[in-house]
Every structure is written in structure tokens, then in C-alpha cells.
Amino acid sequence: MRKNVLLLETIADEALTVLRDHVNVFTGYDEASLREVVNEEEIHAIITRGKGLINKPLIDACPHLQVVARCGVGLDNVDVAAATARKVMVINAPGSNAATIAEHTLGLMLMLMRNLYESVAQVKQNNWNWRNQYAGDELNGKTLGVLGMGNIGKRVARLGAAFEMEVVYWSKSEQDLPYKFLAMEELLRQSDVVSLHLPFNNETDKIIGEKQLRLMKPGALLINTARGALVDHPALLQALNTGMISGYAADVLPDEPPVESLGIVQHPRVIVTPHSGSLTSATYRQICLLTIGNVVAALTGREPDPGSIYNRNALALINN
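One structure accompanies this document, and this report is about it. (Residues numbered from 1 in each chain as written. Predicted model: local features only at pLDDT ≥ 70, side-chain atom pairs only at ≥ 80, totals over all residues. Heavy atoms only, no water.)

This part covers helix α10 (residues 233–241). Looking at α10, one finds that the buried residues are His 233, Ala 235, Leu 236, Ala 239 and Leu 240. Down the axis of α10, the smallest arc covering the buried residues is 155°, so these residues share one side. Within α10, the exposed residues directed more than 90 degrees away from the buried face are Pro 234 and Asn 241. If you follow the buried residues of α10, they end up packed against α9 (210–215), β10 (221–224), β11 (247–250), α11 (262–265) and β12 (270–272). Gly 243 sits one or two residues past α10 and shows a positive phi near 75°. (Buried < 20%, exposed > 50% of the residue type's maximum accessible area, 1.4 Å probe, protein only. Helix = DSSP H or I, 4+ residues; strand = E, 2+ residues; numbered from the N terminus. Arc of directions from axis to C-beta. Contact = heavy atoms within 4.5 Å.)

Written as C-alpha cells, this is what we have:
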């Protein structure tokens, strides 16, 4: 019997074709259609991307559920605990966005350091003479402080080193890397650019607050392509307004689209992109195909890639 899969968001066309070759596909892109599908069909898997919530009420409403999956890395929109309690496999695509997010990070870093965004905007406004008041700098010779040395942090460090930056880092533990490991406070004091690559959890919530911002160099830049809530935004706004730091660039906000964060977004020394770092065509396709392949494997009696099963250790304990 073919299993039934519920999509909460669109996925890449090639991945959708693979899915339809093996299972029945239903969509719940809005509340009405979601409620209708859940009420009328036995759902065996639910797949989302970054917005559709796989929460406890939805999980509980699907008694035949075997798999929940996100075409992506972070699982902020998936209730992993609720799924695990129901012995439901949680699948994601770890490491699949490392290259593209690292590139995006360097792009933001270059734009902010060299004041590229304002340069382009002025030329488009036919103000070529803005070059006479141009103020910018370069990455070469600066110190890059990387907070978090996972897949993305390591790539950002390598790219920074390629720009002849001195790379220092902090993570929960020292690793065997060709970069200097520093205490976080010392990293903040030494770095010209600080780049955040930490997961979001209780320990990292607002890990960059007023105290940490005061430790940074007055001319330093802060880059965040990880999670918006890693930074205390009221403290950040104050630091920007008082010149405590020189600029902020991010692909993530604590509220998306921004409402409470509008003061940050509209600040003249801030560049924000709309959480688009991993939306390149190549990465979008790869993430969707990886995730769909593992979901299909789980539903058709084959073994998914063990590294894609986020809660595999917890499930093993429950099943034993």
C-alpha cells in the first residue's frame, strides 16, 4: 500500500517528482486545506521547509505518522520532542547548506566592510560624485572571530583565511584546527569582524547582548547568518546608535518578516537579507532531493542515511 505524505510547503520540482513516484502526495499550504487533509486521510509523513509548523497538535492529529521532515537544517519549526515521544522519525539535511551560507556570510561581510550597498545605491541615484565621500575598508589584514565551529563556521574560517584575515574562534570545546582558540570575551575584544555560527537553544539565546557588544572594538562589524535570536536586538540598536560597533549584517531576524526589528533593518549601518542565504537554486534542489530521498526510504522499508535522522539516538533509547 502506498503511503500518504503531507506537504506543508512547496519543494523543488525534481524532488516532488521523486516523491510522487513512491507515495501519495497531499498539500496543506493553508489552514483550511491542512485541516481537510488531516481529517480525511491517514498521514504517514509530514514534510516542511522553513515556515510550515510541525507542532504537537498536528503530530497528535496524525495517529499513523511515521516520519516528519524538514528540507533544511534547523528544526525550529518542528516539535522534535513531541515527535520523539510518539516514536516518529525526525529527518533533516545536516550540512547541506554549509557552502551556500558560508558564501552568503562572506558576501555580507564584504558589503558591510567596503560599503558596497550604499555605493551601488548612490550610483543608481545618478550620484557618481559620492565617491568623493566614500568611506570603506577591506578584509585583508583584519581579524575574523568565528563563534561556532560547525560545518558553516569552518567554511567561513577557510574563506576568511583566503582573504588573508587572521582567524580566531570560540566554540564549546577546542578543536584541532589551524586557527587560534580564544575565550569568547577575548575573541570579542580582538576581532574586527565577528561572525555568528551557533545553533539556537537556551544557552545561546541572546548570547550577544549589551555586555558582549561593549567588549567589541568600536569599529568592529557583527555578522549573523545563523539565528536572529542569538542577538539582543534592543542592545544591538543601542550599540549602533552610540557607535559602540560600526555595523551589522544579517540574513536572519528574531521576527520574520520584521515588525519589532524594523529599527534594526532600517538603520543606516545595517544590511539585512530576507533569510535567503540557502535559497540558491543549487542548494534548494540539493536540500529537497536529500530530504525526500530519506523520507521515501523510511516509508518504503529501506534505511535512510543515519546522519539525516535527527532523533536517532533518542529513538534508539525508547525502542530498547
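On we go from here.
All right, on to the sheet that holds strand β4 (residues 67–70) then. Pairing is parallel across the open sheet formed by five strands, whose spatial order is β2-β1-β3-β4-β5. The two strands at the open ends of the sheet, each matched to only one other strand, are β2 (24–27) and β5 (89–91). Across this sheet, the average inter-strand angle for adjacent strands is 20°, counted without regard to direction. Across three bridges, the pairing between strand β1 (residues 4–7) and strand β3 (residues 45–48) is parallel. By the bridge assignment for β3, Leu 7 is matched with Ile 47. (Pairing = 2+ DSSP bridges. Axes fitted to C-alpha atoms, helices over the stretch in contact; angles between N-to-C directions.)

This next bit is on the environment of Thr 225. If you trace the backbone, Thr 225 turns up in the loop between β10 and α10. Other than its neighbours up to four places away in sequence, Thr 225 contacts Ile 101, His 104, Thr 105, Leu 108, Leu 196, His 197, Asp 251 and Val 252. One polar contact links Thr 225 to Thr 105, side chain to side chain, over a distance of 2.8 Å. (Polar contact = N/O pair within 3.5 Å; in protein donor to acceptor, adjacent residues only side chain to side chain.)

This part takes up the packing of aromatic side chains. What the rule picks out here adds up to two aromatic pairs. Ring centres 6.0 Å apart and planes at 75° place the aromatic pair Trp 130 and Tyr 134 in the edge-to-face group. Judged by its relative accessible area of 10%, Trp 130 falls in the buried class. The exposure class of Tyr 134 is partly exposed, given its relative accessible area of 34%. (Phe/Tyr/Trp six-rings, centres within 6.5 Å; stacked < 30°, edge-to-face > 60°.)

As a further point, take the nonpolar core. In this structure, Leu 147, Ile 208, Leu 213, Leu 222, Leu 236 and Tyr 248 are the most contacted members of the largest nonpolar core, which totals 29 residues. Broken down by secondary-structure element, the contributors of at least two residues to this core are β7 (166–170), α8 (184–190), β9 (193–196), α10 and β11. Here the element with the most residues in this core is α10; it accounts for four residues. Apart from residues no more than four positions distant in its own chain, Tyr 248 is found in contact with Leu 112, Leu 222, Asn 224, Val 231, His 233, Leu 236, Leu 240, Ile 264, Arg 269, Val 270 and Ile 271. Judged by nonpolar contacts, the second largest core, of 25 residues, contains Met 89, Ile 287, Ile 292 and Ile 309. (Core = buried A, V, L, I, M, F, W, Y, C linked by side-chain atoms within 4.5 Å.)

With an omega dihedral of -5°, the bond running from Glu 256 to Pro 257 counts as a cis peptide bond. Note that Pro 257 resides in the loop between β11 and α11. At Asn 115, a residue that is not glycine, the phi angle is positive and equals roughly 60°. Mapped onto the fold, Asn 115 is located in the loop between α5 (98–114) and α6 (116–124). Using a relative accessible area of 24% as the deciding quantity, one classes Asn 115 as partly exposed.

Judged by how many residues are buried, β7 sits mostly within the fold: four of five residues are covered. Sheet topology note: the strand β6 (residues 143–147)/β7 ladder contains five bridges and is parallel. Counted as the bridge partner of Gly 145 is Val 168 from β7. Taking the sense of rotation as the criterion, the β-α-β connection linking β6, helix α7 (residues 151–162) and β7 turns out right-handed. (Right-handed = clockwise from strand over helix to strand, strands pointing away.)

Here we come to the sheet that holds β9. Across the sheet, seven strands lie side by side as β8-β7-β6-β9-β10-β11-β12; this open sheet has parallel pairing. On the outer flanks of this sheet lie β8 (180–181) and β12, each paired with one strand and no other. Along the sheet face, α10 touches β10, β11 and β12 and points at about 140° away from the line of β11.

Attention now goes to the packing of α5 against α6. Direction vectors running N to C along α5 and α6 enclose 65°, while the axes themselves pass 5 Å from each other. One way to sum up the angle between α5 and α6 is to call them roughly perpendicular. Contacts from Leu 110, Met 111 and Arg 114 in α5 reach Leu 116, Tyr 117 and Ser 119 in α6. Looking at the contact of α5 with α6, its residues break down into four nonpolar, one polar and one charged. (Parallel < 35°, antiparallel > 145°, perpendicular 65-115°, else oblique. Nonpolar A, V, L, I, M, F, W, Y, C, P; charged D, E, K, R; others polar.)

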